[in-house]
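Analysis of the macromolecular model
Residue strings, one per chain:
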Amino acid sequence: MYEKITKTGENLHVPNRIIIPYVEGDGVGAEITPAALKVVDRAVSRAYGKGRSIEWKEVFAGSKALEKTGSLLPCETVEAFREYLVGVKGPLTTPVGEGSRSLNVTLRQTLDLYVCLRPVRSFRGIVSPLREPQKVNMTVFRENTEDIYAGIEWMQGTPEALKFMNFLSCEMGVSKVRFPQTSSFGVKPVSVEGSERLVAAAVEYAIKHKLPSVTLVHKGNIMKYTEGGFKRWGYDVAERRYGDRVFTMRQYSEIKNRNGENEASKALEEARHAGKVIIKDVIADAFLQNTLLVPEEYSVIATLNLNGDYISDQLAAMVGGIGIAPGANINCLSGHAIFEATHGTAPDIAGRDMANPSSLLLSLAMMLEYIGWDDAANLIVSSVEKTFAQGFVTCDLARFNSRTETLGTSRFAETVINNL
């Protein structure tokens with residue numbers, strides 16, 4: 001009998017036979033999702049024999065949902081992800097400039113999946129534009145529910161935009177809008193609670209995995225009350241909640257001002273030697289440069305929504321591309337989590353058996369780790385890397401390395417299975 005995953009307190013309860021809902025996705029989702037699920041089933045069987053298994057429950061979103069139900073995101077789909085706690089999602093189309101808002105964002109906000117978790121690492125056999133891609137090994141914690149992705153905006157020329165402009169001018173004394181009559185407006189909410197829970201999740205991850213640092217990436221030099229608030233509240237929660245398990249660069253600055261740079265440097269080295277997690281911060285544009293110059297200086301990254309979007313895609317490109325970048329959207333308090341392909345629907349190659357299933361496949365390995373099925377997760381990751389090292393890649397990766405054999409979606413998945 002297959003059962004639901006549940007959560008009591010801080011503990012997930014994972015039966016040996018579990019039900020996991022999944023959305024196939026638009027475009028290449030019809031190819032990569034079945035292929036990835038097949039690999040997972042084989043890995044679970046290889047790791048646990050008949051002792052554990054998954055029943056995949058298909059639910060609908062995007063074009064398939066519209067065809068079947070008349071809605072892009074039926075209530076039944078959201079409720080299934082809510083009820084079964086852990087789910088899987090292929091890529092969904094996001095309109096640009098007009099039309100409905102992103103289904104991905106809607107799911108994240110509806111289920112309050114406030115952490116977008118994006119680990120980035122290099123793989124043997126994958127050619128990268130970097131000279132030393134093996135130095136890239138970071139995990140990005142991107143805040144998922146606030147910032148400009150909250151979707152609070154008004155189109156220029158509408159009564160709402162005019163009303164908002166009048167409010168800014170008459171009530172708030174704002175005079176810095178250059179072209180008020182033709183401006184669209186967006187509001188960027190960043191809260192204490194949203195910032196603290198995101199940074200707390202990043203710090204706990206670093207402590208659990210014995211990683212050296214958490215870097216708060218922000219643009220607080222310009223947006224002093226939103227991005228600057230994120231930095232300040234991040235330091236606050238790290239110092240208040242984790243005490244002697246962390247050492248913050250804010251504490252370093254206080255010691256430096258009080259006792260001089262030598263004493264501050266000594267305190268920092270003592271903290272490192274004691275295995276404390278170092279909490280530091282950096283301006284977003286400097287961070288993007290530094291990741292190319294000294295990527296080894298960064299481990300866990302905590303940042304706001306828009307910064308996280310840019311950062312996670314750049315880091316993925318540094319190790320070979322978004323086609324091998326896994327991702328998850330998680331509420332660390334409720335336990336709800338959706339593991340997803342991080343790339344788009346790629347309509348130009350949809351139906352041609354060319355898409356790379358690795359992003360979704362590695363996300364599913366993250367899912368297995370999340371539910372405590374580490375043996376199966378490790379089998380998948382090592383098998384994917386072995387496949388790359390053997391010179392077998394999909395077309396998105398082959399274009400950077402002529403010394404490889406290009407496989408289609410289905411053959412690549414079969415090769416991964418054979419290498420388990």
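Our structure's up above, just so we're on the same page.
Residues numbered from 1 in each chain as written. Predicted model: local features only at pLDDT ≥ 70, side-chain atom pairs only at ≥ 80, totals over all residues. Heavy atoms only, no water.

1. Observations concerning the pairing of strand β12 (residues 277-283)
This is how the line gets drawn: Pairing between two strands requires that DSSP report at least two bridges joining them. Helix and strand assignments come from DSSP, with helices taken as H or I runs of at least 4 residues and strands as E runs of at least 2, each series counted from the N terminus.
Both strand β10 (residues 213-218) and β12 contribute to a ladder of 6 bridges, which runs parallel. Within the sheet, the bridge partner assigned to S213 lies in β12 and is I278. With 3 bridges joining them, strand β11 (residues 246-248) and β12 adopt parallel strand pairing. In the strand pairing of β12, T248 is matched with I279.

2. Regarding the packing of helix α12 (residues 358-370) against helix α13 (residues 374-389)
Note the cut-off: Only the stretch in contact is used when a helix axis is fitted, and all axes are lines through C-alpha atoms; the angle between N-to-C directions ranges over 0 to 180 degrees. Working definition: roughly parallel below 35 degrees, roughly antiparallel above 145 degrees, roughly perpendicular at 65 to 115 degrees, and oblique for all remaining angles. By definition, turning the near helix anticlockwise from the far helix through less than a right angle yields a left-handed crossing, and turning it clockwise yields a right-handed one. Contact definition: two residues touch when any of their heavy atoms are within 4.5 Å. Amino acid classes used here: Ala, Val, Leu, Ile, Met, Phe, Trp, Tyr, Cys and Pro are nonpolar; Asp, Glu, Lys and Arg are charged; the rest, including Gly, are polar.
Where α12 contacts α13, the axes come no closer than 7 Å and their chain directions differ by 155°. Relative to α13, the element α12 is oriented roughly antiparallel. Helix-helix and strand crossings are classified by hand; for α12 and α13 the assignment is left-handed. Where α12 abuts α13, its residues S358, L361, L362, A365, L368 and E369 lie against D374, A376, A377, I380, V381, V384 and F388. Grouping the amino acids of the contact of α12 with α13 by side-chain chemistry returns 10 nonpolar, 1 polar and 2 charged.

3. Comments concerning the environment of L216
Counted only if it meets this: Relative accessibility under 20% of the residue-type maximum defines a buried residue, over 50% an exposed one, and the middle range a partly exposed one, all with a 1.4 Å probe and only protein chains included.
By the element assignment, L216 lies in strand β10. Owing to a relative accessible area of 0%, L216 belongs among the buried residues under this scheme. In sequence terms L216 and S191 are 25 residues apart; their C-alpha atoms lie 15 Å from each other. Setting aside chain neighbours within four positions, we find L216 in contact with V199, F230, K231, G234, Y235, I279, K280, D281, V282 and A302.

4. Describing the sheet that holds β12
Strands belonging to one sheet form pairs held by backbone hydrogen bonds; the direction of such a pair is parallel or antiparallel. Judged by pairing direction, the sheet is mixed, and its 11 strands sit side by side in the order β4-β3-β5-β15-β14-β6-β7-β13-β10-β12-β11 without closing on themselves. Edge positions in the sheet fall to β4 (53-59) and β11, since each of these pairs with one other strand and no more. Between one strand axis and the next, the sheet turns by 25° as a mean value, whatever way the strands run. Of the pairings in the sheet, the one linking strand β6 (residues 115-121) to strand β7 (residues 137-143) comprises 7 bridges and is antiparallel in character. Pairing of V120 across the sheet is with M138, part of β7. Each of β3 (17-23), β4, β5 (86-89) and β15 (337-341) touches helix α3 (residues 75-84); the most contacted strand, β3, lies at about 150° to it. Contacts between helix α10 (residues 284-293) and the sheet are confined to β7, β10, β12 and β13 (300-303), with β12 contributing the most and set at about 110° to the helix.

5. Section: the pattern of salt bridges
What counts is decided by this rule: The working definition used for a salt bridge is a side-chain nitrogen of Lys or Arg within 4 Å of a carboxyl oxygen of Asp or Glu.
According to the stated counting rule, one finds 22 salt bridges in the structure shown. With its nearest N and O atoms 2.4 Å apart, the salt bridge here joins K188 to D147. Within this pair, whereas K188 is found in the loop between β9 (185-187) and α6 (192-208), its partner D147 is found in the loop between β7 and β8 (152-154), the two being separated by 41 residues in sequence. You can call D147 buried: its relative accessible area is 0%. As a salt-bridge pair, D281 and K231 come within 3.9 Å of each other at their nearest N and O atoms. Of this pair, D281 sits in strand β12 while K231 sits in helix α7 (residues 227-242), and the two are 50 residues apart along the sequence. Residue class for K231 comes out partly exposed when judged on its relative accessible area of 30%. Residues participating in the shared-partner salt-bridge network are E24, E58 and K64.

6. A look at empty space enclosed by the protein
Unfilled space is identified by rolling a water-sized probe across the atoms. Note the following rule: For each structure, a 1 Å grid was placed over the protein atoms alone; sets of points admitting a 1.4 Å probe that cannot get out are labelled cavities, open sets with protein on both sides within 12 Å along at least five of seven lines are labelled pockets, and lining residues have an atom within 4 Å of a point. Grid points are joined across faces, edges and corners, and a volume is the space filled by probe spheres set on the points.
Tallied over the entire structure, the rule returns 1 cavity of 30 Å³ or more. A volume near 40 Å³ is recorded for the largest cavity. Lining of the largest cavity is provided by G125, I126, V127, V393, L397, F400, N401 and T404. Looking at the lining of the largest cavity residue by residue, the classes come out as 5 nonpolar, 3 polar and no charged.

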